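Descriptive structure summary
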Amino acid sequence: ANITEIVQRCLQFGARGVVVLTTHPSTREERFEWGHCSYQESNHQYAALIRETAHELAKRAPVILVDIERAFEQRIAGGTALKDLLLRDGLHLRE
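Below, the structure is looked at part by part. All values derive from a computational prediction rather than experimental measurement. Along every chain, residues carry numbers that run from 1 in the direction the sequence is written. It should be noted that, the model being predicted, local features are given only for residues of pLDDT at least 70 and side-chain atom pairs only at 80 or more, the latter also being counted only at that level, while totals for whole chains, interfaces and linings use all residues. Each side-chain value is worked out from all heavy atoms of the structure, with water and hydrogens disregarded.

1. Overview of the overall build of the protein
Helices and strands together make up the secondary structure of the protein, namely three helices and two strands. Secondary structure is summarised from DSSP: a helix means a run of H or I of at least four residues, a strand means a run of E of at least two, and numbering begins at the N terminus for each. In the protein, the succession of α and β elements from N to C terminus is α-β-α-β-α. Considering only C-alpha atoms, the protein reaches an extent of 40 × 35 × 20 Å along its principal axes. Summary of the burial criterion: residues with accessible area below 20% of their type's maximum are buried, those above 50% are exposed, and those between are partly exposed, where the area comes from a 1.4 Å probe applied to protein chains only. Per-residue burial over the protein gives 28% buried out of 95 residues. The contact criterion used is simple: two residues touch if any of their non-hydrogen atoms lie within 4.5 Å. Counted over contacts in the protein with a minimum sequence separation of 6, partners at least 24 positions apart contribute 56%. Measuring between centres, the 12 positive side-chain charges of the protein sit 5 Å from its 13 negative side-chain charges. Counted charges follow a simple rule, with Lys and Arg positive, Asp and Glu negative, and His plus the chain ends left uncounted. By convention, the charge on Lys lies at NZ, on Arg at CZ, on Asp at CG and on Glu at CD.

Quick look at the structure:
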C-alpha cells in the first residue's frame, strides 16, 4: 500500500489528521515457498517502512504513528510470551 498516497487522500477529503499503525508481530517464521523470507520477516520490514514513512509525513502533515510492533516488543521484553498474545495460528490476536 502506498501510505503516503493514502494519507494525502485522507487529508484532501477533509480528515484533520491521520493515524498510521504498524502491525503486531506473529510467530510465523517459516519461509514462504516462493519467497526469500518468512511472513514475520516481511511483516517486520513492512512495519519499518510504515514507521519511516509516518515520521517523514508527520514533518509536514498531522500524522500520528501508533507503533503496535514496538508495544508488543516491549511487552515481550517484559516477560510476556508472544504466543500468549496470539491465537494458535500465530497470527491473530487473542484478545
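2. Description of the pairing of strand 2 (residues 63–66)
Relative to strand 2, strand 1 (residues 18–21) is paired through four bridges, and the arrangement is parallel. Across the sheet, residue Leu21 finds its bridge partner in strand 2, namely Val66. Note on the crossover from strand 1 through helix 2 (residues 39–58) to strand 2: the handedness is right-handed. DSSP-based pairing: two strands are paired if at least 2 bridges between them are found. Note on handedness: a crossover is taken as right-handed if, strands pointing away from the viewer, the path from the first strand over the helix to the second is clockwise.

3. Examining the nonpolar core
Among buried residues, the Ala, Val, Leu, Ile, Met, Phe, Trp, Tyr and Cys ones that are joined through side-chain atoms within 4.5 Å form a nonpolar core. In this structure, Ile3, Val7, Val18, Val20, Ile50, Ala54, Leu57, Ala61 and Val63 together form the largest nonpolar core, which totals nine residues. Residue assignment for this core shows that the elements contributing at least two residues are helix 1 (3–12), strand 1 and helix 2. Tallying contributions element by element places helix 2 first for this core, with three residues. Discounting residues that sit within four places of it in the chain, Val20 has contacts with Ile3, Val7, Ile50, Ala54, Val63, Ile64, Leu65 and Val66.

4. Here's the deal with the side chain of Gln40
By the element assignment, Gln40 lies in helix 2. Apart from residues lying up to four places away in sequence, Gln40 is in contact with Pro25, Ser26, Arg28, Glu29 and Glu69.

Read these as layout, nothing more, since geometry by itself doesn't imply function.
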